[in-house]
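Notes for the structure review
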Amino acid sequence: MDLNPTERRWWLLRRARGELKTEFVGRKVLHFEEVTSTNEVAKEMARRGAEEGVVVIAEAQSRGRGRLGRRWISPRGGVWLTVILRPTISPEAALRMQFITAVSVARAIEETLGLEVEVKWPNDILIHGRKVCGILTESGLRGGELEFVALGVGINANIDINAFPEDLRESVTSLREEAKHEVSRRFLLKSLLANLERYYVKFLRGEFDQILDEWRSLTSMLGKRVVVTNLHEKIEGEAVDVDQDGALVIRLDGGPLRRVLSGDATVITIAEPRRT
Ligand code: BTN
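The text that follows walks through the structure, step by step, so that each part is easy to find. (Residues numbered from 1 in each chain as written. Predicted model: local features only at pLDDT ≥ 70, side-chain atom pairs only at ≥ 80, totals over all residues. Heavy atoms only, no water.)

**Concerning the packing of aromatic side chains**
Here is the rule: Side-chain rings of Phe, Tyr and Trp, where Trp is taken by its six-membered ring, are said to pair if the distance between their centres is within 6.5 Å; with planes under 30 degrees apart they count as stacked, over 60 as edge-to-face, and otherwise as tilted. In this text, helices come from DSSP runs of H or I with a minimum length of four residues, and strands from runs of E with a minimum of two, each type numbered from the N-terminal end. Exposure is judged per residue with a 1.4 Å probe applied to protein chains only, and the accessible area is read against the type maximum: over 50% gives exposed, under 20% gives buried, and values in between give partly exposed. We count a charge as sitting over a ring when the NZ of a lysine or the CZ of an arginine lies within 6 Å of the ring centre and within 35 degrees of the ring normal.
A full pass over the atoms with the stated rule returns five aromatic pairs. Between Phe 99 and Phe 208, the ring centres sit 6.5 Å apart and the planes meet at 80 degrees, which makes this aromatic pair edge-to-face. Taken together, the positions of Phe 99 in helix H4 (residues 97–113) and Phe 208 in helix H7 (residues 208–217) put the pair 109 residues apart, joining distant regions of the chain. Taken individually, Phe 99 and Phe 208 each receive the classification buried, so the pair is uniform in this respect. Judged by centre distance (6.5 Å) and plane angle (20 degrees), the rings of Tyr 200 and Phe 203 are stacked. Placement of both Tyr 200 and Phe 203 in helix H6 (residues 185–204) is noted, with a separation of three residues, approximately one turn of the helix. Across this residue pair, the class does not change: Tyr 200 and Phe 203 are buried. Lying across the ring of Phe 187, Arg 186 places its NZ or CZ 5.0 Å from the centre.

Here it is in structure tokens:
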């Protein structure tokens, strides 16, 4: 394991609860050397009744999963975890959880490392335009009702960029790369879980508007021309806003607004015409 002695002690003795100032998120932390995917393990545990706030974390994932059915490369050195939550909301509203998670990750990175981060719809965290974290939220339903949400967070913490396939190296980064030093995953995790609980409680109090405002303040994509690609289509226009449901609102050419619920967004930069 690549944990330093302090980290190792922290993990092994499960001091997390003592050090962690949370009420329920991370009260129970299951730490694995390697799993297929922390989302898979957490969903299985949630189906079997695991309580709200349980965290599944792994040093490495052999079949880490990204959005839209993609693979998520998860070697040692990263923070690969899933948190189980059980909000009493509709299945449609569960999409909001990814904004809570994105703002929490952004705040945790800022707090622990002082790095400036950006969020990109739907849930990427970028530093200097490169992806440093991805979020995969999955819902468990029972009889049409939302039973649980598994919030999967993958942070490229102490990862060498060469661990990624060549074609991805331009678009990804890691915290170590950006901070120019090894980062403490322990401090990062503590801050992440504390922020997650804080924003989740705010959400339960009906303050999602404020969270969305924070998300807006962390993104640079609103007002820009974007193209969103999902499994079904490609939509191009101006990114106007994100709405209460977490949909990206795009103004199509010609004026009509279109809500998009999933996909990958790319900001289109139009080259300035050359002056002669
Ligand atoms: C994305 O495509 O951007 C989402 C990536 C989410 C990766 C995390 S790592 C922990 C959790 N377990 C998984 O298999 N995926 C998520």
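Don't stop here, the text continues.
**So, the environment of Glu 111**
Spelled out, the test is: Contacts are assigned to residue pairs with any non-hydrogen atoms lying within 4.5 Å of each other.
Within the element layout of this structure, Glu 111 appears in helix H4. On a C-alpha basis, the gap between Glu 111 and Leu 192 in space is 9.4 Å, while along the polypeptide they are 81 residues apart. With sequence-adjacent residues up to four places away left out, Glu 111 is seen in contact with Ser 191 and Asn 195.

**Remarks on the packing of H6 against H7**
Stated precisely, the cut-off is as follows: Between N-to-C directions, angles cover 0 to 180 degrees, with each direction set by a line fitted to C-alpha atoms, over the stretch in contact for helices. Throughout, the term roughly parallel applies to angles under 35 degrees, roughly antiparallel to angles over 145, roughly perpendicular to angles from 65 to 115, and oblique to all others. Gly is put with the polar residues, along with every residue not named as nonpolar or charged; the nonpolar set is Ala, Val, Leu, Ile, Met, Phe, Trp, Tyr, Cys and Pro, and the charged set is Asp, Glu, Lys and Arg.
Orientation of H6 relative to H7, taken along the N-to-C sense of each, is 135 degrees, at an axis distance of 7 Å. On the basis of the axis angle, H6 is oblique to H7. In contact with Tyr 199, Lys 202 and Phe 203 of H6, H7 contributes Phe 208, Gln 210, Ile 211 and Glu 214. Tallied by class, the residues present in the contact of H6 with H7 amount to four nonpolar, one polar and two charged.

Distances and angles like these do not, on their own, reveal function.
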